[in-house]
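# Structure at a glance
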Amino acid sequence: MEIGEDGCFHEVAFVDQNSLIRTTRVPVVQDLVLRGLKNLPERFIQAPPGHPVVAPAAFADDASSATFPPIDMAKLRIRRDLSGESHSQELSKLARVTKEWGVFLIVNHGIPASVLAGVEDVVKGFFGLSFKEKKESVGTYMNPDNMGYGRNFVKSEDQRLDWIDRLAVKVAPAETSDGLLVWPKKPANFRKAIEQYVEEARRVCDELLEALAESLSLEPKVFLKNFDPESSEVNLRVNYFPPCPRPDLALGISPHTDASGLTFLTQYGATGGLQVLRDCKWAVVPWPENSLLVGVGDFLEIMSGRRLMSPWHRVVTRADVERFSVTLFYNPPSQAEIEPVSDDGWSGSNSSGGGYKKVVIRDYLQHYYMVSPTVDKQAINFAKV
C-alpha cells in the first residue's frame with residue numbers, strides 16, 4: 001500500500017498471462033468517499049447504463065417471516081419446548097430454509113450481547129482510523145490468503161473492481177498468524193474481542209453442523225467429524241462498504257460462493273445488501289441489522305452430496321449509508337480430505353455422492369483462489385467426478 005498525492009491506494013500483486021508477477025494499484029474506496037467523490041470511477045462500473053445492478057425495489061423485503069423464518073437454536077438443543085413445538089419441527093424448518101435459500105438466520109444462539117457489541121466496537125474503531133493509521137496498525141500480505149488490510153481477487157490492471165475495503169485474518173489455529181502483522185494494533189483490544197467471538201461462534205457452528213445433518217436424516221456427526229477442535233480453521237473477513245455514488249452501476253462484492261464449511265455473519269450500519277440467486281433472479285436476503293446469518297459453503301455442499309447447496313450470492317451498495325459485515329469462514333483442517341456422504345447417511349461407502357469426489361481442503365482452496373472471480377458457479381467443479 002502507498003499514499004500518493006492523488007490519494008490512497010492498495011498495492012495488489014497478480015500473475016499475468018505470461019506467468020509473470022505484476023502489481024497494480026487499487027484506489028481505497030473509503031478514501032475516495034472521504035475526499036468527496038461525486039462520480040463513480042470507471043474501474044468500479046460493473047453494469048452498463050440502462051441495466052442497473054439493483055432494481056428500484058431491491059431494498060424491499062423479498063421474503064416474509066413465513067418464507068424466511070429464523071431458526072431457534074433453543075429448540076434445536078432440546079427435544080420439546082414449553083409451547084409443545086417439537087425439536088423435529090425446528091429441524092424440518094432448518095432443512096427447508098437452507099435448501100431454499102442456502103442461508104438462514106439464527107436466534108437464541110447463546111452468544112452474549114457483550115461479545116457481539118465488542119466485535120462491533122473494534123470493527124468500527126479500526127475503520128474509523130485514517131489510512132495512515134491503518135497501514136501502521138496492520139500489514140498486508142499479497143499471497144493467496146490475502147491476509148491483512150487490502151484487497152483480494154484482483155487479477156489484472158483492467159479488471160472491474162468491487163466497492164469495498166476489507167481486513168482479513170486467520171484466527172484459528174492461533175499459530176497460523178505467528179510472525180505476521182495481521183492483527184490490528186488499534187484498537188488495542190481488537191484481537192481479544194474477535195477471539196472471544198470466534199470461540200462462541202465455533203460452538204454454535206458445531207451445533208449447527210449436527211443439526212443440519214440430523215435435518216437431512218443423516219448420522220448427526222457425519223459433517224462435524226471433519227472439523228477437528230485443534231486444527232480446524234477459522235478465517236475472518238471484515239468488509240467495509242462506504243456510500244457509493246452510483247449503486248446502480250457498482251457491486252460491493254461480485255457474485256461468488258464461499259470456500260467454507262459454514263459461513264457465519266453479522267452486519268452493522270444498514271440492511272438490504274446481501275442478495276442470493278433464486279430461480280434465476282436476485283433476491284434480497286431479509287437480514288436484520290445486528291442479527292446472525294449462517295450460510296452453506298462449498299465444503300458442506302460436497303460433504304452433503306449436494307443435499308445442501310452453497311448459494312451464488314453478491315453484495316450491492318447503497319448511496320446514503322455505510323455498511324459493515326463481519327464474516328467467519330469455518331473450515332476443516334487444510335490437510336483434511338473430505339468426501340460426500342453415501343445414500344445411507346455415512347461417508348466412506350460407495351455411492352454417487354451427488355457427483356462429487358474426495359478433495360483435500362488445501363487443494364480446493366488453491367484452486368478457488370486461482371480461478372476466482374468467475375462469472376458463474378465454477379470453482380466447485382474442481383470437486384466433481
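Because the structure is a prediction, the values reported are computed rather than measured.

### Topic: the pairing of strand S12 (residues 281-284)
In the sheet, strand S11 (residues 274-278) pairs with S12 via four bridges, with the strands oriented antiparallel. Bridge pairing in S12 links Val276 to Ala283.

### Remarks on the pattern of salt bridges
Across all of its chains, the model carries 17 salt bridges by this definition. Between Arg22 and Glu157 there is a salt bridge whose closest N-O contact spans 3.2 Å. One end of the pair, Arg22, is in strand S3 (residues 21-27); the other, Glu157, is in the loop between strand S6 (148-150) and strand S7 (165-172), with 135 residues separating them in the sequence. Since its relative accessible area comes to 37%, Arg22 is described here as partly exposed. For Glu157, a relative accessible area of 42% gives the class partly exposed. One network of salt bridges, in which partners are shared, links Arg77, Glu200, Arg203 and Glu207.

### Looking at the sheet that holds strand S14 (residues 313-315)
Read from one edge to the other, the open sheet built from four strands follows the order S9-S14-S11-S12, with strand pairing classed as antiparallel. Each edge of the open sheet is held by one strand with a lone partner, namely strand S9 (253-256) and S12. For this sheet, the mean angle separating the axes of adjacent strands, direction not counted, is 25°.

### Examining the packing of helix H4 (residues 113-127) against helix H6 (residues 190-215)
Packed helix pairs are characterised by how far apart their axes lie and by the angle those axes make with each other. Interaxial distance between H4 and H6 falls to 9 Å at its minimum, and their mutual angle equals 140°. Relative to H6, the element H4 lies oblique. When the axes of H4 and H6 are compared, the crossing they make is left-handed. Contacts between H4 and H6 involve Val115, Leu116, Gly118, Val119, Val122, Val123 and Phe126 from the former and Phe190, Ala193, Ile194, Gln196 and Tyr197 from the latter. Of the residues belonging to the contact of H4 with H6, the class tally is 10 nonpolar, two polar and no charged.

Criteria and thresholds
Residues numbered from 1 in each chain as written. Predicted model: local features only at pLDDT ≥ 70, side-chain atom pairs only at ≥ 80, totals over all residues. Heavy atoms only, no water. Pairing = 2+ DSSP bridges. Helix = DSSP H or I, 4+ residues; strand = E, 2+ residues; numbered from the N terminus. Salt bridge = Lys/Arg side-chain N within 4 Å of Asp/Glu carboxyl O. Buried < 20%, exposed > 50% of the residue type's maximum accessible area, 1.4 Å probe, protein only. Axes fitted to C-alpha atoms, helices over the stretch in contact; angles between N-to-C directions. Parallel < 35°, antiparallel > 145°, perpendicular 65-115°, else oblique. Left-handed = near helix turned anticlockwise from the far one by under 90°. Contact = heavy atoms within 4.5 Å. Nonpolar A, V, L, I, M, F, W, Y, C, P; charged D, E, K, R; others polar.

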